[in-house]
6 protein chains.
Amino acid sequence: MLLHLSTWTEVEEYLQQSQGIILPIGSTEQHSPIGLIGTDAICAEAISKGVGEAKQALVGPTINVGMALHHLEFPGSMSLKPSTMILVLRDYISSLAKAGFRRFFFINGHGGNVATMKAAFSETYDHLATLGITDVRCAVCNWYMGREVYQLAKKLYGDKEGSHATPSEVALTWYVYPEAVKQGELGEPGRGHRIYSAVDFRQNYPDGRMGSDPSLATVEHGQRFYETAVKEISQDYQRFIDGK
Amino acid sequence: MLLHLSTWTEVEEYLQQSQGIILPIGSTEQHSPIGLIGTDAICAEAISKGVGEAKQALVGPTINVGMALHHLEFPGSMSLKPSTMILVLRDYISSLAKAGFRRFFFINGHGGNVATMKAAFSETYDHLATLGITDVRCAVCNWYMGREVYQLAKKLYGDKEGSHATPSEVALTWYVYPEAVKQGELGEPGRGHRIYSAVDFRQNYPDGRMGSDPSLATVEHGQRFYETAVKEISQDYQRFIDGK
Amino acid sequence: MLLHLSTWTEVEEYLQQSQGIILPIGSTEQHSPIGLIGTDAICAEAISKGVGEAKQALVGPTINVGMALHHLEFPGSMSLKPSTMILVLRDYISSLAKAGFRRFFFINGHGGNVATMKAAFSETYDHLATLGITDVRCAVCNWYMGREVYQLAKKLYGDKEGSHATPSEVALTWYVYPEAVKQGELGEPGRGHRIYSAVDFRQNYPDGRMGSDPSLATVEHGQRFYETAVKEISQDYQRFIDGK
Amino acid sequence: MLLHLSTWTEVEEYLQQSQGIILPIGSTEQHSPIGLIGTDAICAEAISKGVGEAKQALVGPTINVGMALHHLEFPGSMSLKPSTMILVLRDYISSLAKAGFRRFFFINGHGGNVATMKAAFSETYDHLATLGITDVRCAVCNWYMGREVYQLAKKLYGDKEGSHATPSEVALTWYVYPEAVKQGELGEPGRGHRIYSAVDFRQNYPDGRMGSDPSLATVEHGQRFYETAVKEISQDYQRFIDGK
Amino acid sequence: MLLHLSTWTEVEEYLQQSQGIILPIGSTEQHSPIGLIGTDAICAEAISKGVGEAKQALVGPTINVGMALHHLEFPGSMSLKPSTMILVLRDYISSLAKAGFRRFFFINGHGGNVATMKAAFSETYDHLATLGITDVRCAVCNWYMGREVYQLAKKLYGDKEGSHATPSEVALTWYVYPEAVKQGELGEPGRGHRIYSAVDFRQNYPDGRMGSDPSLATVEHGQRFYETAVKEISQDYQRFIDGK
Amino acid sequence: MLLHLSTWTEVEEYLQQSQGIILPIGSTEQHSPIGLIGTDAICAEAISKGVGEAKQALVGPTINVGMALHHLEFPGSMSLKPSTMILVLRDYISSLAKAGFRRFFFINGHGGNVATMKAAFSETYDHLATLGITDVRCAVCNWYMGREVYQLAKKLYGDKEGSHATPSEVALTWYVYPEAVKQGELGEPGRGHRIYSAVDFRQNYPDGRMGSDPSLATVEHGQRFYETAVKEISQDYQRFIDGK
Ligand code: NI
Ligand code: NI
Ligand code: NI
Ligand code: NI
Ligand code: NI
Ligand code: NI
């Protein structure tokens, strides 16, 4: 059940049975010369829809732009500052909490979002307490870190999975948008550097890849990642709702 | 050309020919018991894609949640505070301006966004000036206020078009998502009240409609609105790019 | 009744009969080489006093500096950032709402304020709701857009009224401060450009005028504008208080 | 020379000779049952105009609302939060500094403003440094603390001068606005308590006075305060401009 | 009783008998070529511990970094912006107020903190009122301005006490950390300039001293300052707790 | 070399040889009925001093209060909001970066700080870029997660190490402050719950422990943890400085 395709009366009914909602969160940032700029948002959105269907859970609007300041030296990348993103998440959660939602399950496609999301959850619990709401719970689920997804990636790509613009996420986007499959020669990627400023990042990772070879991705792989992730995360969602 | 389905190298090339980008902005808010909560975002996104194709212009990620604080008494509605939205738009525009974009054309689906967007543009011009960028231009284009769209709505619905949860916007969403057409009996809508707080709004507009009868919408109407809007706004975009 | 010339006990009494207050808001910005920098504040203040007398309504302190970032390339112009102005209006309204005021009628002299004011009203309703106050109403009345004022300007000046540093507003300031009438040769004004950054504005409008010829203004015209505006806006105020 | 009654071209000329500006800052807050709510702003504005004339210095718009949170339990009082006021002063000073102003002389009517003003000056110097401006200087001059004004108050009122709603400031407002002289019986004022929250303040100072007897004020006294202050502060301004 | 060396159950017991807490606040800023960068924090912390012992009062964590923007041209200096420091103090006080603390006695080592602290107290009273807490009281006690401390400094150093990097504060740090006594030739200090930007400050005070001769400091003097301050401020604390 | 016990001239010299600085960061929060409220700050500070000595590195002032909102239901706990902490870290790093520091090594004692610290680093890199500084690097080193420290804790305490108010950290504080060793009977701790709001936390962890038995701590253990951590982290610091 997608919030965007529902009416407020349908949401009112939904709240009689569940106070849970799934919120996809991605990023708009370079994913190498052959990976899509929308990769993280596309993955999070597709999996969220799948989990929403599997669990009859409501899925909210995708947060397309996340915390990707270190990618800004590559054209087309966009980012919120962490301080902005905290306010955005506070506003999202507060809006829905006023209506009765209590369990916020973020399916996340971008590692760079995690720290700011956790900061935002803390900020929001404190904010909600001033409104008399103390029983909201938020969780972040990184789809690419699920045990079975992770093992599949290792099996298919070994250490060419890398950690950014990975073949697994690129495969998933190609499965969702087969019309957007890109080709291209890629040399050796940068590898092993920590992330600091955007200038520093581009010096260390000149084409944007972090140790990955996204040219290994295929649409068929993407389907396997999609199905594996939806199955795995559906269970995670259920555990979260059950308070386990 | 969709930013989300492009690579950074494609964007780099695009910038050689154009410094313009289209950004769809909507809202996630009640649209009566039969209109979709995502109406404003759906309309903005669909038209943006159409204009992007027509003009070979880049289309950025949809801003799904806007300024809809006055709708928050209806479940499923979400909103940024104006102060948050100013920061979001500043961050979006600044990210892209650093890469060379100079013309930001927002296709907007929600009247409640306009004031905050204009405030955000002013804030952003001033912010960019501190970074040495003084030639950015932003414009907001409200798709529902284009002359031909407006006339079509008047012709089809007369004063039952109303000003929120209008049959024109609902029709457009049903054209885009025919699987989401809703049915339902609707009585007389509230009418003629100004907008103040969320509580006040719901008292005056108990089912969320402002003078409208969205049950008049049809998928076929939606197609006409879509085509009319894309054509009309493609010209607006060109004029904006041409500096007229 | 002017707040500045009242005592707190007088305000306490006033609140027994009315929860309405008039707040003049202007700007401190260039108004061409012959218009006063304080034009917008002077007009708003003078008309507010007139309406306050006519309706025995309380008139609060004038907000002298508004949102005029695009004028900052002209010496003597001052501006709040929109994000600052939102906080200022939130603080003004909240201070008075705590004491029992519920109807805030802003008489505005500057078009550039409007978007930020509307954003601020939304922000403030939401803020007040967290304090348990949901029945505050704010309105902005642009004195220069009243039907009769507008017609008078058209009649006197035709298209030389323009849209900034207009003869109508300049006339009104000269009526209020006849000692400040200025002379000066003015060539052809800039005309027809949209407003973006301050640098862009000055390029398009080199002496600050937007299509206007303020040299047509006279003190006698100013008196007519003053009287017309006070009469017209007094009715607007009454309707606002009556909830119509 | 009043900024509000000047044109931008006049300001441009002024800047050839002086980079100094006087900014009156007051407050809108209770001043006992017989003192005016605008007392602090009225005093600051009147003296600023006098000093401006004496020194041919430019006088900017009056900041009518200051930091008076502790007065908010008395109807008609208004306040900025300190965090808001810092942004307001930053915006005021930055606007003018961009045009070339370098010496900001605030004539202040309200003790409660001083701490926040000093914080704002520090914040602003740091902000301006990021814009490459390091030679701005700001000063606050509390008109009521000038040596001769202080001695006059002591001579006329002894310890009935008190520290809020003082006869000296009330006298000055009556001199400026003789039509606003108020009468009224006043009992013993509160005395000797420190200032904490608004609730605490009103408990300790039930009618708003802090140890003062404003009923001793006369219009004639007001004139003496005015003349003494203008003379004294004109010298202060000169020293500030001379860098002493 | 030091908060850092206590358990939460001990604090719970403490609150049965007292709602008071001492908070040391200093700065991390240059104190001339022979004074320690931590001088202000060291003094505040040492005296706070002494007063805490004398009065069996709880002593919270030292705020090591204060408002010292004007010292930033000297390496090793650190500062919060005033707007940041207001939030920090609001968070500190609010955290403790939620647990029942009501009397916050800040022992301060740095003149540059005072304005921002007072602004922060006002901001915090207002913030706490929105949480329903209106009886919190905060006080700032500048250890170096106590009558007896001041007289001792005058007696020992006359006008070589100066106003920054004073021999009295340096002596106190050397008493606390005798291993950190520094030697060095110092010429004539800057003297008599007001404080504006960091660049301006360093021009006027090239080695950081403001009229002082810290080379007069001795460990033995430091002990006398320590004992004098602890005795004097213990009485101040008691009066504050007693509401006098 | 401690910043607080250094002079600005010594820092100037230090910067000739190294642009690195160690910043201890802890928290002020409950650590069960027998662990100290200052545990996290005490550990971070002690280890930082040890590493500073071992590597002749400069050690800055301890950040005593961190992000511990979820502990606020226990008296004596204090916290910054994440949004405040981001500004604090931005101000700390920016102050020092202006003077030439480029490598910021935070030795952290509190897991709850990590997410906000990482968000703050991103925010700060972006902020510094606007000042033209793009080569700053920040790292967080959680002392309790070093491989050897972790193994020692497992060896000594097995699963009674838990994850908050752990015997390892408590032991270290007792080694540093043997006078503050506490005794007390502790029953079974809460275990296995995720962290959400402060109210939720206290319900799940009634005495504040998360699966730990701090009564197993001894001063002798503390010494071993101290020595192990200093040795291990000294190597980490060196690698960080060497850019590995
Ligand atoms: Ni990715
Ligand atoms: Ni709509
Ligand atoms: Ni105007
Ligand atoms: Ni006063
Ligand atoms: Ni000092
Ligand atoms: Ni700990």
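This is a predicted model, so every value here is computed, not measured. (Residues numbered from 1 in each chain as written. Chains lettered and ligands numbered in written order. Predicted model: local features only at pLDDT ≥ 70, side-chain atom pairs only at ≥ 80, totals over all residues. Heavy atoms only, no water.)

**Student:** I would appreciate a short explanation of the interface of chain E and chain F in the present structure.
**Tutor:** Quite often, the size of an interface is put as the accessible area lost when its parts meet. Between chain E and chain F, the residue contacts involve 53 residues of the former and 53 residues of the latter. Summing both partners gives a buried area of about 4100 Å² for chain E against chain F, and 66% of it is carried by carbon and sulfur. Looking at the side of chain E facing chain F, the largest losses of area belong to His 4, Leu 5 and Trp 8 of chain E, adding up to 19% of the total buried there. Taken together, the links from chain E to chain F amount to two salt bridges. The salt bridge involving Lys 182 of chain E is made with Glu 10 of chain F; its shortest N-O contact spans 2.9 Å. Counting residues per element, the ones that place at least two in the side of chain E that touches chain F are α1 (8-17), α2 (39-55) and α3 (82-98) of chain E. Per-element accounting of the side of chain E that touches chain F gives the leading share, nine residues, to α3 of chain E. Tallied by class, the residues present in the side of chain E that touches chain F amount to 26 nonpolar, 17 polar and ten charged. (Contact = heavy atoms within 4.5 Å. Buried area = accessible area lost by both parts, 1.4 Å probe. Salt bridge = Lys/Arg side-chain N within 4 Å of Asp/Glu carboxyl O. Helix = DSSP H or I, 4+ residues; strand = E, 2+ residues; numbered from the N terminus. Nonpolar A, V, L, I, M, F, W, Y, C, P; charged D, E, K, R; others polar.)

**Student:** Mind showing me how you'd approach the arrangement of the chains here?
**Tutor:** Chain A makes no contact with chain D; the smallest distance between any of their C-alpha atoms is 17 Å. The two units chain C and chain F remain apart, with a minimum C-alpha distance of 17 Å.

**Student:** Is there a simple way to think about the interface of chain B and chain A in this case?
**Tutor:** In this complex, chain B contributes 53 residues to the contact, which on the side of chain A involves 53 residues. For the pair chain B and chain A, the summed buried surface comes to about 4200 Å²; carbon and sulfur atoms form 66% of the total. Summed over the shared surface of chain B and chain A, the result is two salt bridges. Our enumeration of links across chain B and chain A arrives at 20 residue pairs in polar contact (both at pLDDT 80 or more). Elements with a contribution of two residues or more to the side of chain B that touches chain A: α1 (8-17), α2 (39-55) and α3 (82-98) of chain B. In the side of chain B that touches chain A, the residues fall into 26 nonpolar, 17 polar and ten charged. (Polar contact = N/O pair within 3.5 Å; in protein donor to acceptor, adjacent residues only side chain to side chain.)

**Student:** When you look at the environment of Val 199 of chain C in this model, what are you seeing that I'm missing?
**Tutor:** Tracing the sequence through the fold places Val 199 of chain C in helix α7 (residues 198-204). Along the sequence, Val 199 of chain C and Phe 74 of chain C sit 125 residues apart, while their C-alpha atoms lie 9.8 Å from each other. Other than its neighbours up to four places away in sequence, Val 199 of chain C contacts Thr 134 of chain B together with Glu 73 of chain C.

**Student:** What is the right way to look at the coordination of the nickel ion (ligand 6) in this model?
**Tutor:** Tetrahedral coordination by four donors puts the ideal angle at the metal at 109.5 degrees, and octahedral coordination by six puts it at 90 or 180 degrees. All names here are of chain F. For the nickel ion (ligand 6), the protein coordination sphere consists of His 31 (NE2), Asp 40 (OD) and Glu 169 (OE), at 1.9 to 2.2 Å. Along the chain, the residues that donate to the nickel ion (ligand 6) are spaced as H-x8-D-x128-E. Here His 31 is found in the loop between β1 (20-25) and α2 (39-55), whereas its partner Glu 169 is found in helix α6 (residues 167-176), with 138 residues between them in sequence. No difference in accessibility class separates His 31 from Glu 169, as the two residues are buried. (Donors = N, O, S within 2.8 Å, 3.2 Å for Na, K, Ca; no water. Buried < 20%, exposed > 50% of the residue type's maximum accessible area, 1.4 Å probe, protein only.)

**Student:** What is the right way to read the coordination of the nickel ion (ligand 2) from this model?
**Tutor:** Residues and elements named next belong to chain B. For the nickel ion (ligand 2), every protein donor is listed as His 31 (NE2), Asp 40 (OD) and Glu 169 (OE), and the spread of their distances is 1.9 to 2.2 Å. Sequence spacing of the donor residues for the nickel ion (ligand 2), all on one chain, is H-x8-D-x128-E. The burial state of His 31 is the same as that of Asp 40; both residues are buried.

**Student:** Just checking my understanding: could you explain the relation of the copies chain B and chain A for this structure?
**Tutor:** Relating one copy of the chain to the other requires a rotation about an axis plus a shift along that axis. The transformation that overlays chain B on chain A combines an axial shift of 0.0 Å with a rotation of 180°, and the residual RMSD is 0.0 Å. Taken together, the turn and the small shift mark the pair as related by a two-fold rotation axis. Among all residues of chain B, the minimum C-alpha distance to the rotation axis is found for Thr 84 of chain B, at 3.5 Å. Taken together, the interface assignments show that 100% of the residues at the interface of chain B recur at the interface of chain A, consistent with an identical surface on both copies. (Least-squares fit on C-alpha atoms with pLDDT ≥ 70 in both.)

**Student:** Looking at this model, I keep getting lost on the pairing of strand β1 (residues 20-25) of chain D. Mind explaining?
**Tutor:** For a regular strand, side chains alternate in direction, first toward one face of the sheet and then toward the other. All names here are of chain D. For β1, the tally of buried residues reaches six of six residues, placing the bulk of the element in the interior. Side chains of β1 alternate between two faces, with Gly 20, Ile 22 and Pro 24 and Ile 21, Leu 23 and Ile 25 buried alike. Sheet topology note: the β1/strand β3 (residues 103-108) ladder contains six bridges and is parallel. When the sheet's bridge partners are listed, Ile 21 is paired in β3 with Phe 104. In this structure, β1 lies alongside strand β2 (residues 58-59), joined through two bridges in parallel fashion. Considered in β2, the bridge of Ile 22 is made with Val 59. Handedness of the crossover is the feature at issue here: the chain leaves β1, passes through helix α2 (residues 39-55), returns alongside β2, and the resulting connection is right-handed. (Pairing = 2+ DSSP bridges. Right-handed = clockwise from strand over helix to strand, strands pointing away.)

**Student:** Where do I start with the sheet that holds strand β1 (residues 20-25) of chain C in this structure?
**Tutor:** Where strands meet in a sheet, backbone hydrogen bonds hold them as pairs that are either parallel or antiparallel. Residues and elements named next belong to chain C. Strand order across the open sheet formed by four strands is β2-β1-β3-β4, with parallel pairing between neighbours. Since the sheet does not close on itself, it has two edges, and those belong to β2 (58-59) and β4 (137-142), each with one partner. Along the sheet face, helix α2 (residues 39-55) touches β1, β2 and β3 (103-108) and points at about 155° away from the line of β1. Packing of helix α4 (residues 114-130) onto the sheet brings it into contact with β1, β3 and β4, and relative to β4 it is tilted by some 175°. (Axes fitted to C-alpha atoms, helices over the stretch in contact; angles between N-to-C directions.)

**Student:** Is there a simple way to think about helix α8 (residues 219-241) of chain D in this case?
**Tutor:** Along an α-helix, residues three or four positions apart point the same way, because every turn accommodates 3.6 residues. Residues and elements named next belong to chain D. Spanning 23 residues, α8 covers 32 Å between terminal C-alpha atoms, matching the ideal 33 Å at 1.5 Å per step. Every buried residue of α8 is accounted for by His 221, Gly 222, Phe 225, Tyr 226, Thr 228, Ala 229, Val 230, Glu 232, Ile 233, Ser 234, Tyr 237 and Phe 240. With its phi angle positive at about 75°, Gly 243 sits one or two positions after the end of α8. (Expected span 1.5 Å × (residues − 1).)

**Student:** Got a minute to help me understand the pattern of salt bridges in this structure?
**Tutor:** Close approach of charged atoms allows side chains of opposite charge to pair. Enumeration over the complete set of coordinates arrives at 60 salt bridges over all chains. For Asp 236 of chain E, the salt bridge identified is with Arg 239 of chain E, shortest N-O distance 2.6 Å. Separated by three residues within a single helix, Asp 236 of chain E and Arg 239 of chain E lie in helix α8 (residues 219-241), roughly one turn from each other. Its relative accessible area of 24% is what places Asp 236 of chain E among the partly exposed residues. Several salt bridges share partner residues, and in doing so they unite Lys 81 of chain A, Lys 98 of chain B together with Asp 126 of chain F into one network.

Remember, this is a structural readout, not a statement about activity or role.
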